[in-house]
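# Overview (structure and organization)
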Amino acid sequence: MSEEHGQVIEDAGEMVLNMGPHHPSTHGVIRLVLELDGEVVRTVTPDIGYLHRGIEKIAEGMTWQGFMPYTDRIDYLGAMFMNHAYAMAVERLHGIEVPPRAEYLRVLADELNRIASHLICLGSVTMDLGAYTPFLNAVREREVINDIIETLCGARLTYNYMRVGGVSFDLPPGLRERILTWLDGFEVFLDEFDRLITYNEIFLHRCKDVGVITAGEAIGWGLVGPNLRASGVDSDLRRDLPYSVYKDLSFDVVVGRGSVGTVGDVFDRFWCRIEEIKQSCGLVRQVLAGMPLGPILGKVPKKLKAEIPLGPGGAKGGPGADAHVRIESARGDTLVYAVSDGSEKPYRLRFRTGSFTALSIMAHKGAGMMVADLVALFASLDVIAPETDR
Amino acid sequence: MDGNGIVAAVRARFPDAVVADGAAAKDPWIQVAPVAVADVMRHLRDAPDLAFDHLVCVTGVDLTGIAEKPDLRCVWHVASYAHGHQITVRADVPRDAAVLGSVTGIWPSAAWHERETWDLLGIRFEGHPDLRRILLPEEWVGHPLRKDWKEAPRALGFPTTRRTLLDEIRGGNG
């Protein structure tokens, strides 16, 4: 206890600081309650729910098809994945077939969206670490993808592109060439981006050996997607649990290898996303080359009612029938669990998203870090607030 | 291992705990007695031939209208990175005594999933280190994903329907 300016100051070296809900590096509305001892973080308590819109509750009052636009709002940087996961869950529950061309179009949209989403992540990691130019570069390229997707489906952010049983629009004339031309330039840009920031000395020092998440921690805390792979776990649902047409496409699963520091540090998570963008470019080319002709929407009854052929031999599911699908979104393993009561509305719908568990590890990893490193860790986990809150 | 193998392995180890199963279903599932949840889960993670190291999701379903008894069902989706297999585990609890064992000690990621299930469905997890609401505000009343939950005309000081707001403006009183 000391006396200063006539005031008695308790000898409490700790200070409680609210990082967020409105903080530039919280990427949306998230609050981290920090207990600080000088620059060192003692405890981190994430507080979420600011963007909770009750999407799962809203679903219970809508038809299966009518809910599709809401799925865009779950993850605004990766709306295609949410469209895709939801459509797949409904199709699985009702036994609906999707024509091959629609599957290719879905994968095309997914991979373009993955590039766009990773670009935002890379840009915001660098911006949070104090480098503004790479962010502008990344966003400039993402803008082109937005234009391409706008030509495909008419929307730039909340796509509502996929339908139960297929997709809403076919590839418009000339778009294939436009994508290929853009890709040629984009792959050069990625190298430039790499040289501009990835091996920048200052950037490296902010990233390497910071926020190291071991493979065991990543699995235990349910990290998924690039965050999991950066920790050295070789897992990708596109390869391990192939859905859509991924089993016909070839790509490498990028696994963190600690090239400048430790496996699972901030740098590995950054680097994994750059390498994944390169893989996605290859996938887009393969999809464009292999896309068959044919219908883009399968046979879907006007009103989806659950006389559900579930299980082998078309055993009827009936009320209480459920199904779940898992896909690899930009933020990893996304699970959609759907339960039907036999009516045309979802009885229960559950979205499990990558950001939710990625944020939960903050309390565990944040303790003992410097505030500036905490920002780096948080940015590298690529948390999207509406996805945690739904 | 496929659904049949996993269900057989669990049945062999816990003959009394398994209530029902859908081993041959498209999405294989196994239903266990609520008291046995924690033991079964630990076995699922620790047995080398099962090795369910990834808790994908914990969620709840209100069974009013789709089952004989209006129970609450807790659903765990677990998967294994080592073997690449997955299974859905279910347990039904009565809605007025919805208590289950927590699995946070087995998979740390369960902590937030269980908080969400408590918040939205009111299933209590015994042994959870910090079971608070997570998405809804602390002062919220009820669990909205239960089918008998009714939206109050006002929540947290705001009207919940548009009509009420218009009426208030027209009427000029709050």
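Residues numbered from 1 in each chain as written. Chains lettered and ligands numbered in written order. Predicted model: local features only at pLDDT ≥ 70, side-chain atom pairs only at ≥ 80, totals over all residues. Heavy atoms only, no water.

Below, the discussion takes up the environment of Lys299(A). Residues and elements named next belong to chain A. If you trace the backbone, lysine 299 turns up in the loop between α11 (266-290) and β8 (322-329). Classification of lysine 299 as exposed rests on a relative accessible area of 81%. Taking the C-alpha atoms as reference points, lysine 299 and arginine 163, separated by 136 residues in sequence, lie 11 Å from one another. (Helix = DSSP H or I, 4+ residues; strand = E, 2+ residues; numbered from the N terminus. Buried < 20%, exposed > 50% of the residue type's maximum accessible area, 1.4 Å probe, protein only.)

Okay, the pattern of salt bridges next. All names here are of chain A. Scanning the entire structure with this criterion turns up 42 salt bridges over all chains. Ionic pairing is found between arginine 156 and aspartate 147, a salt bridge with its closest N-O pair at 2.7 Å. For arginine 156, a relative accessible area of 28% puts it in the partly exposed group. Among the charged side chains, a network of salt bridges with common partners joins Glu111, Arg114, Arg229, Asp236, Arg238, Glu276 and Glu328. (Salt bridge = Lys/Arg side-chain N within 4 Å of Asp/Glu carboxyl O.)

Moving on, we come to the side chain of Thr388(A). Checked against the element boundaries, Thr388(A) lands in helix α14 (residues 385-389). Judged by its relative accessible area of 0%, Thr388(A) falls in the buried class. What Thr388(A) contacts, discounting residues up to four positions off in sequence, is Ile48(A), Thr353(A), Ser355(A), Phe356(A), Leu359(A), Val383(A) and Leu135(B). (Contact = heavy atoms within 4.5 Å.)

Here we come to the sheet that holds strand β1 (residues 18-22) of chain B. Residue and element names in this part refer to chain B. Spatial strand order, β1-β2-β5-β4-β3: five strands in an open sheet with mixed pairing. Each of the sheet's edge strands pairs with one partner strand only, and the pair in question is β1 and β3 (54-62). Averaged over all adjacent pairs, the angle separating strand axes in this sheet is 20 degrees, with direction ignored. Strand direction decides the pairing type here: strand β4 (residues 72-79) and strand β5 (residues 86-93), joined by eight bridges, are antiparallel. (Pairing = 2+ DSSP bridges. Axes fitted to C-alpha atoms, helices over the stretch in contact; angles between N-to-C directions.)

Grouped together as the largest cluster of nonpolar side chains are 167 residues, with contacts concentrated most on Leu108(A), Tyr161(A), Phe186(A) and Trp76(B). Excluding residues that lie within four positions of it along the chain, Leu108(A) makes contacts with Leu171(A), Ile179(A), Val284(A), Val287(A), Leu288(A) and Met291(A). In this structure, Leu335(A), Tyr347(A), Val56(B) and Leu63(B) belong to the second largest nonpolar core, which totals eleven residues. (Core = buried A, V, L, I, M, F, W, Y, C linked by side-chain atoms within 4.5 Å.)

Looking along a regular strand, one sees the side chains alternate between the two faces of the sheet. Taking burial as the measure, the eight residues of β5(B) include seven buried ones, the bulk of the element. Turn length for the β4(B)-β5(B) hairpin, with the two strands adjacent in sequence and antiparallel, is six residues, and the turn residue Gly84(B) shows positive phi of about 75 degrees.

Attention shifts here to the sheet that holds strand β4 (residues 31-37) of chain A. All names here are of chain A. The sheet built from three strands is open, its strands ordered β3-β4-β5 with antiparallel pairing. Each edge of the sheet is formed by a strand with only one pairing partner; in this case those strands are β3 (14-19) and β5 (40-47). Across the sheet, the axes of successive neighbouring strands diverge by a mean angle of 20 degrees, strand direction being ignored. In the sheet, β4 pairs with β5 via seven bridges, with the strands oriented antiparallel.

Of the residues in chain A, 92% have a pLDDT of 70 or more, and the chain-wide mean is 85. Confidence over residues 309-315 of chain A falls short of pLDDT 50; this stretch has 16 contacts with residues more than four positions distant or in other chains. (pLDDT = per-residue confidence, 0-100.)

Turning our attention to the packing of aromatic side chains. Taken as a whole and judged by the stated rule, the model has 13 aromatic pairs over all chains. For the pair Tyr246(A) and Phe251(A), a centre-to-centre distance of 6.2 Å together with 70 degrees between the ring planes defines the contact as edge-to-face. A relative accessible area of 1% means that Tyr246(A) is categorised as buried. The rings of Phe67(A), Tyr70(A), Tyr86(A) and Phe351(A) are connected pair by pair, giving a single aromatic cluster. Against the face of Trp29(B) rests Arg90(B), its NZ or CZ located 3.9 Å from the ring centre. (Phe/Tyr/Trp six-rings, centres within 6.5 Å; stacked < 30°, edge-to-face > 60°. Lys NZ or Arg CZ within 6 Å of the ring centre and 35° of its normal.)

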